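Tertiary structure, described
Next come the chains, spelled out residue by residue.
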Amino acid sequence: MTVASNATTIAMRGASRGTGTVLIAALLLAVAIAAPFVLYPVFLMKVLCFALFACAFNLLIGFAGLLSFGHAAFFGGAAYIAAHTVKVWGWAPEFGLLAATAVAGAMGLVFGLIAIRRQGIYFAMITLALSQMIFFLALQLPFTHGEDGIQGVPRGTLFGLFDLNQPLTMYYTVLAIFLGGFALIWRTVHSPFGQVLKAIRENEPRAVSLGYRTDRYKLVAFVLSASLAGLAGGTKAIVFQLASLTDVTWQMSGEVVLMTLLGGMGTLLGPVVGAGLVVTLESYLAATSLPVPVVIGCIFVVCVLVFRRGIVGELLHRLPKRGH
Amino acid sequence: MFSLLGVPPQVLFGQLLLGLINGSFYALLSLGLAVIFGMLNVINFAHGALYMVGAFVAWLLLTYLGLGYWWALVLAPLAVGLLGIALEKSMLSRLYKLDHLYGLLLTFGLALILEGAFRHQYGVSGQPYPIPAALQGGQNLGFMFLPNYRAWVVVASLTICFGTWFAIERTKLGAYLRAATENPTLVQAFGINVPVMVSLTYGFGVALAGLAGVLAAPIYQVSPLMGTNLIIIVFAVVVIGGMGSILGAIVTGLGLGLLEGLTKVFYPEASNIVVFVVMAIVLLIKPAGLFGRER
């Protein structure tokens, strides 16, 4: 069994449920629009940033079968780029985000070209090692300001029209960015390109024998995933007005794996649910004396041992099967 | 005072020795990883955490029971090995039929738990561990001062590495192990208890990590964070060497340690990342790794 293969077939069945899906989507959208009037916008924005990050990660693990253990490099690296361009170079936030996304994509291209030369477990180790290199660079390069990070990043005015210092304006901007990223992932997964990715995940030699240049497909998926992770990281830097070492550590790479695993690998909504849960749990734990890594580690172990479908995967699995 | 390539020899050889010591730890850890991967097809992310546990067991033995270094050298690997066997029996053994990535994820979770628990209990600052009395002092070699303990670490880890190589490549037990790596079903059919062998292999692999932890305790401070940063470098070492050969793991580990030491002398800014750069270059030229086979 490949990772999450079951979950995806189920998810695809779920996606073909037509009207039900549209209703659920409309409901979720309404919740997302109304949410800042009930919960803290900053908390919600954090959830959305991590949700986009997890969705980008899930594109690789859930739909192409590639476990990247180094996605923090794109997330955190892009955060530094956004913070630097906006704060030091005085760019408008939209250009800062574009630069962050582009740099993350370029990093993804380089990482991808190197890591795709090996498969499976080696792929995970190589991406982890490369991202650790980015961590050391972030620690040593002058523009990242080492342990301090880049602080006091101005939120600025989006397109010269929307003042992002208003919490609600910022929130709806982040929501729009998230929805844009999510839609792109949805479109990718349901395109012929996405089908080829799934074929590669299920049986790569067979995809090769059918004439697909699988390395190219994997590379494009990797660059796309890295760019979206970068977009999420850049957005986080603008929202929290901070880019720091935390976002480039291997723990962050592990965290996004956990969000995806907990929510359901290979399901579209799983990473969103997982991100919401993990962010909520962490802000809850921060107020207690429980050590966060131990709790996170325990959830990891339990998920791997007995809950491999994740929450959304498990829900979809239990729904009665209706006609295709 | 003469100088070598513009660097005083004390500095050059001092860093080379430190590189050799780091290299010995890379070799010991990547050897354990390779043995475990060969048998279980699991990349043991918890390897670094168990190395840290080894060092902590030594420190706890000294602090609370008054048992010194030589006791720790025996008891700590034993404790870590037993812990490893318990983890393998209770958790890892449930995952063998699944994708190998789940093994990595499980051991990642275990690493977080171990590291987080020790960090919660003992904080991030390191605990000093004294060098045993018999190995204090050092030799003046003329061109550099060689501390006895550091010489001991290099000799001890090389002996263990080559002992392991000999046990696996040249003894009957090793032959069973290699056979079970190739085809566990067939070996089981010959009446060898493969599940027990798998548990013992995992126990042995992590015991090596525990031993490395004890050896490291007097050189570096005993700290909860000592393992994970190391394990990522060891992953890169494993990718560079390829996990096909045991000798390859040893040679690559030592070589990269030395290279890191040299980088510290000539271009210190890059010393943190030189191993990763080498990894990228090796992957571009020879994707299977220096000693690896494609599979």
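Our subject is the structure listed above.
This structure is a prediction, so every number in the text was calculated from the model and none was measured.

Description of the overall build of chain A
A tally of helices and strands in chain A yields 14 helices and four strands. For 324 residues, the compact-globule formula gives about 20 Å, and the C-alpha radius of gyration of chain A, at 19 Å, lands near that figure. Seen through its principal axes, chain A has C-alpha atoms that stretch 50 × 45 × 45 Å. The burial tally for chain A puts 57% of its 324 residues in the buried class. For chain A, the share of sequence-separated contacts (at least 6 apart) that also reach a separation of at least 24 residues comes to 77%. Element-wise, carbon and sulfur atoms account for 70% of the exposed surface of chain A, whose accessible area totals about 13300 Å². Considering chain A, the positive charge centre built from 20 side chains and the negative charge centre built from 11 side chains are found 14 Å apart.

Side note on the packing of aromatic side chains
In this description, a pair of aromatic rings is defined by centroid distance and the angle of the planes. Residue and element names in this part refer to chain A. Scanning the model with the defined rule gives 32 aromatic pairs over all chains in all. Seen in terms of ring centroids, Tyr-80 and Phe-143 are 6.5 Å apart; in terms of plane orientation they differ by 75 degrees. Their pairing is edge-to-face. With Tyr-80 in helix H4 (residues 72-87) and Phe-143 in the loop between helix H6 (120-140) and strand S1 (150-151), the pair connects residues that are 63 residues apart, well separated along the chain. By relative accessible area, which is 27% here, Phe-143 ends up partly exposed. When the ring of Tyr-171 is compared with that of Tyr-172, the centres are 5.3 Å apart and the planes differ by 70 degrees; the resulting orientation is edge-to-face.

A look at the environment of Tyr-26 of chain B
Residues and elements named next belong to chain B. Structurally, the position occupied by Tyr-26 is in helix H1 (residues 9-40). A C-alpha to C-alpha distance of 4.8 Å links Tyr-26 and Gly-253, two positions 227 residues apart in sequence. Setting aside its immediate chain neighbours within four residues, Tyr-26 contacts Leu-230, Ile-233, Val-234, Val-237, Gly-253, Gly-257 and Glu-260.

Structural notes on the pattern of salt bridges
All names here are of chain A. Counting across every chain of the model gives five salt bridges over all chains. The partner of Glu-202 in a salt bridge is Arg-201, and the shortest N-O contact between them spans 2.7 Å. A residue is classified by how much of its surface remains accessible, and Glu-202, at 42% relative accessible area, is partly exposed. Each of Arg-309, Glu-314 and Arg-318 takes part in one network of salt bridges that share partners.

Some thoughts on empty space enclosed by the protein
Residues and elements named next belong to chain B. Inspection of the entire model under this criterion finds four cavities of 30 Å³ or more. Computed from the structure, the largest cavity encloses a volume of approximately 50 Å³. Lining the largest cavity are Leu-40, Asn-41, Val-42, Leu-95, Tyr-96, Leu-98, Asp-99, His-100 and Gly-103. Broken down by class, the residue content of the lining of the largest cavity amounts to five nonpolar, three polar and one charged.

Digging into the interface of chain B and chain A
Listed by partner, the interface residues are 44 residues for chain B and 43 residues for chain A. Summed over both sides, the interface of chain B with chain A buries roughly 4100 Å², with 80% coming from carbon and sulfur. Of all residues in chain B, Leu-101, Tyr-102 and Leu-105 of chain B give up the largest surface area on contact with chain A, accounting jointly for 16% of the area buried on that side. Breaking the side of chain B that touches chain A down by element, the ones donating at least two residues are helix H4 (100-122), helix H9 (226-241) and helix H11 (274-285) of chain B. It is H4 of chain B that provides the largest number of residues to the side of chain B that touches chain A, a total of 15 residues. For the side of chain B that touches chain A, the per-class residue count stands at 31 nonpolar, nine polar and four charged.

Some words on the environment of Met-279 of chain B
Take Met-279 of chain B: it is sitting in helix H11. For the pair Met-279 of chain B and Glu-115 of chain B, spaced 164 residues apart in the sequence, the C-alpha separation amounts to 26 Å. Leave out the neighbours within four places in its chain, and Met-279 of chain B touches Ile-126, Ala-129 and Leu-130 of chain A together with Ala-236, Val-239 and Ile-240 of chain B.

Quick look at unusual backbone geometry
Positive phi values are uncommon outside glycine, yet Gln-241 of chain A reaches one of about 55 degrees. With respect to the helices and strands, the residue Gln-241 of chain A is situated in the loop between helix H10 (214-240) and strand S4 (242-243). In this structure, Asn-41 of chain B is a non-glycine residue whose phi angle is positive, near 55 degrees. Along the polypeptide, Asn-41 of chain B turns up in the loop between H1 and helix H2 (47-65).

Things to note about the side chain of Thr-107 of chain B
All names here are of chain B. Tracing the sequence through the fold places Thr-107 in helix H4. For Thr-107, a relative accessible area of 0% gives the class buried. Non-local contacts of Thr-107, meaning those with residues more than four positions away in its chain, are made with Val-42, Ile-43, Asn-44, Phe-45, Ala-46, Leu-92 and Tyr-202.

What about the side chain of Glu-88 of chain B?
All names here are of chain B. The topology assignment puts Glu-88 in helix H3 (residues 69-90). One buried charged side chain, Glu-88, makes no salt bridge at all; its nearest oppositely charged neighbour is Lys-89, positioned 4.7 Å away. A polar contact is formed between the side chain of Glu-88 and the side chain of Tyr-96, at a distance of 2.3 Å. Those residues in contact with Glu-88, other than ones at most four positions away along the chain, are Leu-40, Ser-93, Tyr-96, Val-198, Ser-199 and Tyr-202.

Some points on a nonpolar patch on the surface
All names here are of chain A. The grouping of Ile-24, Leu-28, Leu-269, Val-273 and Leu-277 at the surface amounts to a nonpolar patch, some 380 Å² of accessible area in total. Taken together, the elements giving at least two residues each to the nonpolar patch come down to helix H2 (19-34) and helix H12 (270-285). Within the fold, Ile-24 resides in helix H2.

Focus: the state of the cysteines
Residues and elements named next belong to chain A. By the definition in use, this model includes zero disulfides over all chains. Looking at Cys-49, it has no disulfide partner, and the nearest cysteine sulfur is the one in Cys-55, 12 Å off. You can see Cys-298 has no disulfide; the closest cysteine sulfur is in Cys-303, sitting 11 Å from it. Judged by its relative accessible area of 34%, Cys-298 is partly exposed.

Conventions we followed
Residues numbered from 1 in each chain as written. Chains lettered and ligands numbered in written order. Predicted model: local features only at pLDDT ≥ 70, side-chain atom pairs only at ≥ 80, totals over all residues. Heavy atoms only, no water. Helix = DSSP H or I, 4+ residues; strand = E, 2+ residues; numbered from the N terminus. Rg over C-alpha atoms; globule rule 2.2 N^0.38 Å. Buried < 20%, exposed > 50% of the residue type's maximum accessible area, 1.4 Å probe, protein only. Contact = heavy atoms within 4.5 Å. Areas by Shrake-Rupley, 256 points an atom, 1.4 Å probe, with all protein chains shown as cover. Lys, Arg positive; Asp, Glu negative; His and termini not counted. Charge placed at Lys NZ, Arg CZ, Asp CG, Glu CD. Phe/Tyr/Trp six-rings, centres within 6.5 Å; stacked < 30°, edge-to-face > 60°. Salt bridge = Lys/Arg side-chain N within 4 Å of Asp/Glu carboxyl O. 1 Å grid on protein atoms, 1.4 Å probe; cavity = no way out; pocket = protein on both sides within 12 Å on 5 of 7 lines; lining within 4 Å. Points joined across faces, edges and corners; volume = space filled by probe spheres on them. Nonpolar A, V, L, I, M, F, W, Y, C, P; charged D, E, K, R; others polar. Buried area = accessible area lost by both parts, 1.4 Å probe. Polar contact = N/O pair within 3.5 Å; in protein donor to acceptor, adjacent residues only side chain to side chain. Patch = residues over 30% accessible without salt bridge, like charges linked within 9 Å, V, L, I, M, F, W, Y side chains within 5 Å. Disulfide = S-S within 2.5 Å.

Geometry only, nothing functional implied.
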